[in-house]
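Coordinate inspection notes
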Amino acid sequence: MGGIQSSQIQEPQRQQNSKIKTDCLSQRDGEKQNTYSFLALPNNQRQKEQNSIQSLSNSNSNQIKKYEYQEKKSFESPESHIENELKPEKQTKKDEEKYSFFNDKEKDEENENIEGTKMIGQAPILQINNIQSIENTQICIKNNYYPWLKQRLEKIEIYEPIEKFIDEQSQFVYNTTLSDQSQYEGFMKNGKRHGYGISLSQTELFEGSFQDGIRKGWGRRITKATVESGYWENNKMQKIMEKQEEDLYYKGECYNSIPNGRGYLKRSISIYTGDFVNGRMEGQGVLEDLIKKVKYEGQFLCDKFHGQGNYYFSSGKKYIGQFQNSQFHGQGEMFWPNKRYYKGQFVNGLFEGWGYLIDEDNSIYDGYWKNGKKNGKGKLTVKNLEIQGTWVNDEFQEGK
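- Naming follows an unreviewed UniProt entry, where the protein chain appears as MORN repeat protein of Paramecium primaurelia.

Structural data, given as structure tokens:
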């Protein structure tokens, strides 16, 4: 076995010393640890490490380039950065202008030393933008009113319905043009007017309740000639209505927008209070003629006095009895202011048939009449004188 040469002993020692030196340097300078460790390797290993490092360097270079691209893409310019910083300031300025109304109001209250609470900021339930939008919408609708409608509205009261139909699933829409070219503002559901709203067309304004696109509930309709309000069903007023035209005013029960039931009707020439059937005076009622100054109270049929009733003349004369076609017809009594009195039968407003008359001179005729005159058998009593016989057109026929 051969001896060991000194060069073979020195090589491991030299490697160990090199490693120790490298570790010490790495501890002193941590940033250069990888470099010194690489130099301390043998040549063949150093080549392998260098190839590995080169491959890793190329990979890292690609990642670094990708990262730098993303950074460049997301980088904000100084101008945009300044603009973003100014945005809150601009918004704050807008808010200050928006709420200047409240600030001015508070200043006024402070100057006037008014005690009480002050509004600071915006109340949760008060949405100023919404209020401004609603006001603008209302102004827009009023601007769309036609001249004739504005004139009508100036002369009538603001409408306040007895009740408004409400459906929680309906949504409020502002001034909208519908398929029939009418304008509408109010509640809608499934594309139909549903709830309380205002509908405007060239010929009319309707404000009231709708259900499924049809007028149903309390509402008012205004046209050039008519103002009518009441309870609507199927686009017609039912049960109750109030209607006003140039020469007519009606208030009472109705059916299909026509007086039906008990009601009050006023015209320039007359006033009627009583029953209606299909728009006509029919049933029990009272009619005053404002021109002739006469009054009738009793039964009506097709706008005429028909049945039992009382008729009062402007002179003070009065008739109580039966009527037909607005004439005294049938059994009745007539009273005069001068104590004249008739009781008997009437035909077309005249004495006809049997009748009893007390005249103003206290004479009494008890007999038959025709066309308002004594005709036929009768007896006339004047003071203590009594005459019986036959009369023809108020003339006594002697010997007959």
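1. Some remarks on the overall build of the protein chain
- Across its full length, the protein chain carries 7 helices and 21 strands.
- Excluding contacts between residues fewer than 6 apart, the proportion of contacts in the protein chain whose partners are at least 24 apart in sequence is 12%.
- Of the roughly 28,300 Å² that the protein chain leaves accessible, carbon and sulfur atoms contribute 48%.

2. Observations concerning the side chain of Lys-374
- Along the chain, Lys-374 turns up in strand β19 (residues 373-382).
- A relative accessible area of 16% means that Lys-374 is categorised as buried.

3. Description of a nonpolar patch on the surface
- Residues Phe-172, Tyr-174 and Phe-187 make up a contiguous nonpolar surface patch of roughly 260 Å² in combined accessible area.
- Residue placement: Tyr-174 occurs in strand β1 (residues 171-177).
- Take Tyr-174: its relative accessible area is 32%, and that puts it in the partly exposed class.

4. Let's talk about the packing of aromatic side chains
- Applying the stated criterion across every chain yields a total of 33 aromatic pairs.
- With 5.3 Å between their ring centres and 90 degrees between their planes, Tyr-250 and Phe-276 make a pair best called edge-to-face. Of this pair, Tyr-250 sits in strand β8 (residues 248-255) while Phe-276 is found in strand β10 (residues 270-277), placing the two residues 26 residues apart along the sequence.
- For Tyr-250, a relative accessible area of 1% puts it in the buried group.
- The cationic tip of Lys-374 hangs over the ring face of Tyr-365; the distance from NZ or CZ to the ring centre is 5.4 Å.

5. Describing the pairing of strand β14 (residues 318-324)
- Pairing geometry for strand β13 (residues 304-312) and β14, over 6 bridges, is antiparallel. When the bridges of β14 are listed, Gln-308 appears paired with Gln-322.
- By the bridge criterion, 6 bridges tie β14 to strand β15 (residues 327-335) in an arrangement that is antiparallel. Bridging across to β15, Ile-320 finds its partner in Glu-333.
- Between β14 and β15, which pair antiparallel one after the other, the connecting turn spans 2 residues, and Asn-325 there sits at a positive phi close to 55 degrees.

6. Looking at the environment of Lys-343
- As for its placement among the helices and strands, Lys-343 is situated in strand β16 (residues 341-347).
- By relative accessible area, which is 41% here, Lys-343 ends up partly exposed.
- Separated by 12 residues in sequence, Lys-343 and Gln-331 have C-alpha atoms that sit 7.9 Å apart.
- Non-local contacts of Lys-343, meaning those with residues more than four positions away in its chain, are made with Gly-332, Glu-333, Trp-354, Gly-355 and Tyr-356.

7. Topic: the nonpolar core
- If you look at the biggest cluster of nonpolar residues, it comprises 33 residues, and the most contacted ones within it are Tyr-311 and Tyr-342.
- The element best represented in this core is strand β12 (residues 294-301), accounting for 3 residues.
- Here Tyr-342 is in contact with Gly-332, Glu-333, Met-334, Trp-336, Phe-351, Glu-352, Trp-354, Gly-355, Tyr-356, Leu-357 and Trp-369, once residues within four sequence places are set aside.
- Among the nonpolar cores identified, the runner-up in size contains 7 residues, and Trp-148, Leu-149, Leu-200 and Val-227 belong to it.

Definitions and limits used
Residues numbered from 1 in each chain as written. Predicted model: local features only at pLDDT ≥ 70, side-chain atom pairs only at ≥ 80, totals over all residues. Heavy atoms only, no water. Helix = DSSP H or I, 4+ residues; strand = E, 2+ residues; numbered from the N terminus. Contact = heavy atoms within 4.5 Å. Areas by Shrake-Rupley, 256 points an atom, 1.4 Å probe, with all protein chains shown as cover. Buried < 20%, exposed > 50% of the residue type's maximum accessible area, 1.4 Å probe, protein only. Patch = residues over 30% accessible without salt bridge, like charges linked within 9 Å, V, L, I, M, F, W, Y side chains within 5 Å. Salt bridge = Lys/Arg side-chain N within 4 Å of Asp/Glu carboxyl O. Phe/Tyr/Trp six-rings, centres within 6.5 Å; stacked < 30°, edge-to-face > 60°. Lys NZ or Arg CZ within 6 Å of the ring centre and 35° of its normal. Pairing = 2+ DSSP bridges. Core = buried A, V, L, I, M, F, W, Y, C linked by side-chain atoms within 4.5 Å.

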